[in-house]
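Reading the structure
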Amino acid sequence: MTKITIAKGDGIGPEIMDATLKILFAAGAKIELDEIQVGEKVYLSGNTSGISQDAWGSILTNKVFLKAPITTPQGGGYKSLNVTMRKTLGLYANVRPCKSLHPYVKTKHPVMDTVIVRENEEDLYAGIEHQQTNDVIQCLKLISKQGSEKIIRYAFEYARVYGRKKVTCFTKDNIMKQTDGAFHRIFDEVAKEYPDIENEHWIIDIGAAKLADTPEHFDVIVMQNLYGDILSDVAAQITGSVGMAGSSNIGASCAMFEAIHGSAPDIAGKDIANPSGLLQGAILMLKHIGEREAAEKIQNAWLRTIEEGIHTADIYDEKISTKKVGTQAFADAVIANLGKEPRKFPVANYAGDATFKLPEVSLLKPSIKELVGVDVFVDAECSADSLAEKLNAAQVDDLKLIMITNRGVKVWPGGFKETFCTNHWRCRYQIEGGAVVDKKQIISLLTSLNEHQIDVIKTENLYNFDGKAGYSLGQGQ
Ligand code: NAD
């Protein structure tokens, strides 16, 4: 008997959780439940994290968590509990299988069978945002080498263990050469260790278009957090319905299983939601805790039910379906099919699934770090030329102003009058010839800028790592 933590969540959460649990127990899954409250009620009771200490205790003790979707109240300083949980528990791998069920569920993509492996802990989801001037707000995209290597290795290991042929990486490294560039480079490095698995890289814009148009081209796709979040919804939706896909969130000590969709408040309480997404999440959980037989039994009964045309409203099509059912009736139909196998779909058999061992990070090596300049960000209502004049009047030591950019594009020296400028300027200082900078020189520069009434809003040190610039050039530089 395995004790698992469950949360019924918000919106359609309680209905689809009841339906899912009913099926799990009818299939003889050896699980014991420990129910916690998370989400809207907890937020609105004044706890802005959406989860109590006791609830954390249950998850940390049981280490396996089946969670129905929750509603994040809009605005008001509430942080997304989903993101908090994934990050706090170190659940770095979000695995989202998206498979079409043609011809029984209407889809334009009959042979789609794609697994999205989404990085779950970093990227823009660090949620570090600052308004720096009246006009400009920034959100930090943080990518670590360890985080990238962990998720990329996970994708290759997953492919190997589950007999997948290819791993594709999507990035936007033609624009974000440092962050996405590192992710792509690490992908290429890790791929060399898996010669048995094909690998490829796509720039994400055309990759996303290809996924939406020809998903059968892809097998496993590994992506950073934001890209993976968006494209896994697209992938699930084009199989037939976002209500059909489940996901696992895996870390070194805990795991959380859920549907990929949200709490669907528009259909809550009407007994029309499709419980399949959460059921698929629960099947992934049963496999994770070693309840292989129950997992197979449920998957086969579910496939049989879908084949029989017993469908919830989101996938109901009068040309294909035989019966439109509500959430609980769908669960009852699956229960009635327990012990039966699908007639057309391949029968689920998880015997061959090897035990999945989380990969170790190994590519990291120390590098030589040298300070070679500083970007000083300034709030100023003036032209680039007059700002350069004021900055030059405040110059100290050998640190020289070499460039000013506005929202990344070079506007001094030699800017274009056509370029639209905000009041947010990046002013780059370096020593001629690229010599190493002493931090004291930066402190003197900042003191002088302050004395000259320049409104410095932040600085970013410029480092070389092993002689290679760890910072981007200005656009047009
Ligand atoms: P959503 O996924 O809840 O709903 C999008 C659309 O899909 C709606 O029309 C909905 O009716 C439909 N839909 C979703 N699940 C369905 C199902 N099982 N059966 C039939 N139809 C289904 O997305 P949203 O409306 O953008 O978000 C609603 C709330 O859910 C928000 O508060 C959001 O923050 C939250 N959310 C939570 C999670 C999570 O808990 N993991 C994930 C995404 C969104």
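What counts, and at which threshold
Residues numbered from 1 in each chain as written. Predicted model: local features only at pLDDT ≥ 70, side-chain atom pairs only at ≥ 80, totals over all residues. Heavy atoms only, no water. Disulfide = S-S within 2.5 Å. Buried < 20%, exposed > 50% of the residue type's maximum accessible area, 1.4 Å probe, protein only. Phe/Tyr/Trp six-rings, centres within 6.5 Å; stacked < 30°, edge-to-face > 60°. Helix = DSSP H or I, 4+ residues; strand = E, 2+ residues; numbered from the N terminus. Pairing = 2+ DSSP bridges. Contact = heavy atoms within 4.5 Å. Axes fitted to C-alpha atoms, helices over the stretch in contact; angles between N-to-C directions. Domains from an automatic or database assignment. Buried area = accessible area lost by both parts, 1.4 Å probe. Salt bridge = Lys/Arg side-chain N within 4 Å of Asp/Glu carboxyl O. Polar contact = N/O pair within 3.5 Å; in protein donor to acceptor, adjacent residues only side chain to side chain.

**Some remarks on the state of the cysteines**
The tally for this structure, following the rule as stated, stands at 0 disulfides. Distance from the sulfur of Cys98, which forms no disulfide, to the nearest cysteine sulfur (Cys169) is 18 Å. In this structure Cys98 comes out as buried when scored by relative accessible area, which is 1%. Residue Cys382 stays outside any disulfide, its sulfur separated by 9.2 Å from that of Cys427, the closest cysteine.

**Focus on the packing of aromatic side chains**
Taken as a whole, this structure holds 8 aromatic pairs when the rule is applied. Ring geometry for Tyr92 versus Tyr154: centroids 6.1 Å apart, planes at 90 degrees, classification edge-to-face. Here Tyr92 is found in the loop between helix 4 (81-88) and strand 4 (93-99), whereas its partner Tyr154 is found in helix 5 (residues 145-161), with 62 residues between them in sequence. For the pair shown, Tyr92 and Tyr154 are each scored as buried. Aromatic pair Tyr104 and Phe345: ring centres 5.3 Å apart, planes at 75 degrees, arrangement edge-to-face. Residue Tyr104 is found in the loop between strand 4 and strand 5 (113-119), and its partner Phe345 is found in the loop between helix 11 (327-336) and strand 15 (369-379); the two are separated by 241 residues along the sequence. Overall, the relative accessible area of 11% leaves Phe345 in the buried class. Joined through ring pairs, the aromatic side chains of Phe156, Phe187 and Tyr194 make up one cluster.

**Re the sheet that holds strand 20 (residues 468-469)**
Ordered by their spatial adjacency, 6 strands build an open sheet running 17-16-18-15-19-20, and the pairing between neighbours is antiparallel. Each having just a single partner strand, strand 17 (409-412) and strand 20 make up the two edges of the open sheet. With 6 bridges connecting them, strand 15 and strand 18 (residues 424-430) associate as antiparallel partners. Looking at strand 18, one finds that Val374 is bridged to Tyr429. Docked against the sheet, helix 12 (residues 384-393) engages strand 15, strand 16 (400-406), strand 17 and strand 18, running at close to 150 degrees with respect to strand 16.

**Considerations on the environment of Cys421**
Within the secondary structure, Cys421 sits in the loop between strand 17 and strand 18. Taking the C-alpha atoms as reference points, Cys421 and Ala209, 212 residues apart in sequence, are found 32 Å from one another. Contacts of Cys421, omitting those with residues within four sequence positions, involve Asn406 and Val411.

**Remarks on the sheet that holds strand 10 (residues 220-223)**
If you trace the 10 strands from one edge of the open sheet to the other, you get 2-1-3-12-11-4-5-10-8-9, paired in mixed fashion. Taken across any chain shown, the strands that pair with only one partner, and hence form the sheet edges, are strand 2 (31-36) and strand 9 (198-203). The average undirected angle you get between the axes of adjacent strands in this sheet is 25 degrees. By the bridge criterion, 3 bridges tie strand 1 (residues 2-7) to strand 3 (residues 64-67) in an arrangement that is parallel. Each bridged residue has a counterpart across the sheet, and for Thr5 the counterpart in strand 3 is Phe65. Along the sheet, helix 6 (residues 179-192) makes contact with strand 8 (166-171), strand 9 and strand 10, crossing strand 8 at roughly 165 degrees.

**A closer look at the domain arrangement of the chain**
Reports often express the size of an interface as the amount of accessible area lost when the parts come together. Split into domains, the chain comes out as domain 1 (1-85 + 248-350), domain 2 (108-239) and domain 3 (369-469). Contact residues are listed per partner, giving 5 residues for domain 1 and 7 residues for domain 2. The contact between domain 1 and domain 2 buries some 470 Å² in all, and 54% of this surface belongs to carbon and sulfur atoms. Counting across the domain 1 and domain 2 interface gives 0 salt bridges. Here domain 1 is connected to domain 2 by 1 residue pair in polar contact (both at pLDDT 80 or more).

**A closer look at the pattern of salt bridges**
Tallying each qualifying case throughout the model produces 25 salt bridges. The salt bridge involving Arg153 is made with Glu193; its shortest N-O contact spans 2.9 Å. Placement of the pair is Arg153 in helix 5 and Glu193 in the loop between helix 6 and strand 9, with a sequence separation of 40 residues. The exposure class assigned to Arg153 is buried, which follows from its relative accessible area of 4%. Across the salt bridge formed by Arg292 and Glu296, the nearest N and O atoms sit 2.9 Å from each other. Pair noted here: Arg292 and Glu296 are both in helix 10 (residues 292-307), with a separation of 4 residues, about one helical turn. Classification of Arg292 by relative accessible area gives partly exposed; the value is 34%. For Glu296, a relative accessible area of 14% translates into the label buried. Each of Lys67, Arg86 and Glu258 takes part in one network of salt bridges that share partners.

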